[in-house]
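# Close look at the chain arrangement
Chain residues, written in single-letter form:
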2 protein chains.
Amino acid sequence: MEASFEGLKQELKKRDINLSYQRLKVLEYLTLNRCHPTVDQIFTNLHRDIPTLSKTTVYNTLRILQEAGLIKVVTIEDNETRYDIDVEDHGHFKCKLCGKIYDFHTDMSSLTFDDLSNFRIDSKDVYFKGICPGCLSNIKENKRRG
Amino acid sequence: MEASFEGLKQELKKRDINLSYQRLKVLEYLTLNRCHPTVDQIFTNLHRDIPTLSKTTVYNTLRILQEAGLIKVVTIEDNETRYDIDVEDHGHFKCKLCGKIYDFHTDMSSLTFDDLSNFRIDSKDVYFKGICPGCLSNIKENKRRG
DNA sequence: ATTCTATTTTGTAATCATTACAGATATATA
DNA sequence: TATATATCTGTAATGATTACAAAATAGAAT
Ligand SMILES: [Mn+2]
Ligand SMILES: [Mn+2]
Ligand SMILES: [Zn+2]
Ligand SMILES: [Zn+2]
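What comes next is a walk through the structure. (Residues numbered from 1 in each chain as written. Chains lettered and ligands numbered in written order. Predicted model: local features only at pLDDT ≥ 70, side-chain atom pairs only at ≥ 80, totals over all residues. Heavy atoms only, no water.)

This brings us to helix 3 (residues 39–49) of chain B. Residues and elements named next belong to chain B. Along helix 3, the residues that are buried comprise Val 39, Ile 42, Phe 43 and Leu 46. Buried residues along helix 3 cover an arc of 95° about the axis, so they all sit on one side. On its buried face, helix 3 is in contact with helix 2 (21–32), helix 4 (55–67) and strand 2 (80–84). (Buried < 20%, exposed > 50% of the residue type's maximum accessible area, 1.4 Å probe, protein only. Helix = DSSP H or I, 4+ residues; strand = E, 2+ residues; numbered from the N terminus. Arc of directions from axis to C-beta. Contact = heavy atoms within 4.5 Å.)

This is the structure we're talking about:
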């Protein structure tokens, strides 16, 4: 955890991005909360520790980090933008009932698709939707009870 | 084209969705314009033919069609919701430069991923981003000219 | 340490997409 | 035709994001 966090700091220096206190805190939050939080979640939680924090700063920081390739934007839902500290290729599963987003490993190279050799592909995202194990068992439980 | 359009009408009847003029026109637009249009594009274009059309109706219609599984929402970008008449599994490629969204065939079953057997998977989406052939050749052209 | 400069943050206002709602219109049924 | 239901419309409200200008901060130079 700490090790990768130090790595992030170095990544920022490499890209000439100053590491302000606010930016550090946003990065820290994403590192510690890997639940793909929304801007509002990040802001609300950090605001407890940093009462002067502005939501604009959170937006600015997330944009900068994203442009630097240090975080990934998850657009699995059309009405909520989420952020992910994990920029390695992996899939996302969103539960329709509880709304939680689960990570899963994928081998993107296994996916067969049309010839796109004339396209320059920069990123690949895989989004699944459905119902998670917890919610499925809740449904069963409710049915049993009637 | 006409054949599948008749098919759509029947799908609507099957699901007890009345086929109003406005709904027919939205469906027709999506059938004829397979470029994954935004709400605004659909509204603006239909408004020429139907001056009384309300944007709210377009929103309502798209929601109804989506809930009935007759159209698919494409959330490849976080700031623009797009709509697709093609509900079969296929991938989407968005060009960062011209913004165009390309379809491509995929074999979703070829993708290897973590064991999700305890999850109920209802839908799978694959989104690629990068630069399309046309924009790539424009870049080359500009470099040559200096 | 002080001044100067560039960067970052903050707070507010503006914008844009979407939804809520209530009245008007059209459609179906008796 | 009368009545009930469904749909459409226009406007207002909401919520997320962006624009912007002033305030605060940090870094460099003197
Ligand atoms: Mn993730
Ligand atoms: Mn498509
Ligand atoms: Zn769930
Ligand atoms: Zn392009």
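Here the focus is the protein's contact with DNA strand C. In the region of DNA strand C, 13 residues are neighbours, and Ser20(A), Arg23(A), Thr57(A), Tyr59(B) and Thr81(B) sit closest. Counting only the atoms of DNA strand C within 4 Å of the protein, the fraction contributed by sugar and phosphate is 74%. Between Thr52(A) and DNA strand C, the recorded distance is 3.1 Å, taken from a backbone N or O atom to a sugar or linking oxygen. Residue Thr57(A) places a side-chain N or O atom 2.8 Å away from a phosphate oxygen belonging to DNA strand C. Contributions of two or more residues to the surface near DNA strand C are made by helix 2 (21–32) and helix 4 (55–67) of chain A together with helix 4 of chain B. Here the element with the most residues in the surface near DNA strand C is helix 4 of chain A; it accounts for three residues. (Near = heavy atom within 4 Å. Polar contact = N/O pair within 3.5 Å; in protein donor to acceptor, adjacent residues only side chain to side chain.)

Strands sit in the order 4(A)-3(A)-7(A)-7(B)-3(B)-4(B) across an open sheet of six strands; the sheet is mixed. Single-partner strands in this sheet number two, and they are strand 4 (101–104) of chain A together with strand 4 (101–104) of chain B. Adjacent strand axes in the sheet meet at a mean angle of 25° when their direction is disregarded. The sheet contact formed by strand 3 (residues 91–95) of chain A and strand 4 of chain A spans four bridges and is antiparallel. Bridge pairing in strand 4 of chain A links Gly91(A) to Phe104(A). Contacts between helix 5 (residues 133–145) of chain B and the sheet are confined to strand 7 (120–131) of chain A together with strand 3 (91–95) and strand 7 (120–131) of chain B, with strand 7 of chain B contributing the most and set at about 20° to the helix. (Pairing = 2+ DSSP bridges. Axes fitted to C-alpha atoms, helices over the stretch in contact; angles between N-to-C directions.)

So, on to the interface of chain B and chain A. Quite often, the size of an interface is put as the accessible area lost when its parts meet. Counting from both sides, the interface comprises 37 residues of chain B and, opposite them, 37 residues of chain A. Summing both partners gives a buried area of about 3,300 Å² for chain B against chain A, and 62% of it is carried by carbon and sulfur. The three residues of chain B that bury the most area against chain A are Leu111(B), Phe119(B) and Phe128(B), which together make up 18% of that side's buried surface. Linking chain B to chain A there are two salt bridges. (Buried area = accessible area lost by both parts, 1.4 Å probe. Salt bridge = Lys/Arg side-chain N within 4 Å of Asp/Glu carboxyl O.)

Before going further, it helps to examine the coordination of the manganese ion (ligand 2). Residues and elements named next belong to chain B. In the first shell of the manganese ion (ligand 2), the protein supplies His 36 (NE2), Asp 84 (OD), His 90 (NE2), His 92 (NE2) and Asp 103 (OD), at 2.0 to 2.3 Å from the metal. Spacing between the donor residues of the manganese ion (ligand 2) along the chain follows H-x47-D-x5-H-x1-H-x10-D. Placement of His 36 in the loop between helix 2 and helix 3 and of His 90 in the loop between strand 2 and strand 3 is noted, with a sequence separation of 54 residues between them. Looking at His 36, the relative accessible area reads 1%, which means it is buried. (Donors = N, O, S within 2.8 Å, 3.2 Å for Na, K, Ca; no water.)

Turning our attention to the nonpolar core. In terms of nonpolar packing, the biggest core is built from 24 residues, with Phe93(A), Val126(A), Phe128(A), Phe93(B), Val126(B) and Phe128(B) touching the most fellow members. Only strand 3 and strand 7 of chain A together with strand 3 and strand 7 of chain B provide two or more residues apiece to this core. Not counting chain neighbours up to four residues away, the residues in contact with Val126(B) comprise Leu111(A), Asp125(A), Val126(A), Gly91(B), His92(B), Phe104(B) and Met108(B). Core analysis: the second largest hydrophobic core is formed by 23 residues, Val39(A), Leu65(A), Leu70(A) and Ile85(A) among them. (Core = buried A, V, L, I, M, F, W, Y, C linked by side-chain atoms within 4.5 Å.)

Here we take up empty space enclosed by the protein. Left-over empty space is what a probe sized like a water molecule reveals as it rolls over the atoms. Here the structure, examined in full by the defined rule, presents one cavity of 30 Å³ or more. What lines the largest cavity is a set of 13 residues, and nearest its centre among them are Glu77(A), Asp78(A), Glu77(B), Asp78(B) and Asn79(B). The set of elements that each furnish at least two residues to the lining of the largest cavity consists of strand 1 (72–77) and strand 2 (80–84) of chain A together with strand 1 (72–77) and strand 2 of chain B. Looking at the lining of the largest cavity residue by residue, the class counts come to two nonpolar, five polar and six charged. (1 Å grid on protein atoms, 1.4 Å probe; cavity = no way out; pocket = protein on both sides within 12 Å on 5 of 7 lines; lining within 4 Å. Points joined across faces, edges and corners; volume = space filled by probe spheres on them. Nonpolar A, V, L, I, M, F, W, Y, C, P; charged D, E, K, R; others polar.)

Right, let's talk about the protein's contact with DNA strand D for a bit. Residues in close proximity to DNA strand D include Thr56(A), Tyr59(A), Thr81(A), Asn18(B), Ser20(B), Gln22(B), Arg23(B), Thr52(B), Leu53(B), Ser54(B), Thr56(B) and Thr57(B), which together make up its full environment. Near the protein, meaning within 4 Å, the atoms of DNA strand D are sugar or phosphate in a fraction of 71%, with bases accounting for the rest. Between DNA strand D and Ser20(B) there is a distance of 2.2 Å, counted from a phosphate oxygen to a side-chain nitrogen or oxygen. With respect to DNA strand D, the side chain of Thr57(B) contributes an N or O atom lying 2.8 Å from a phosphate oxygen.

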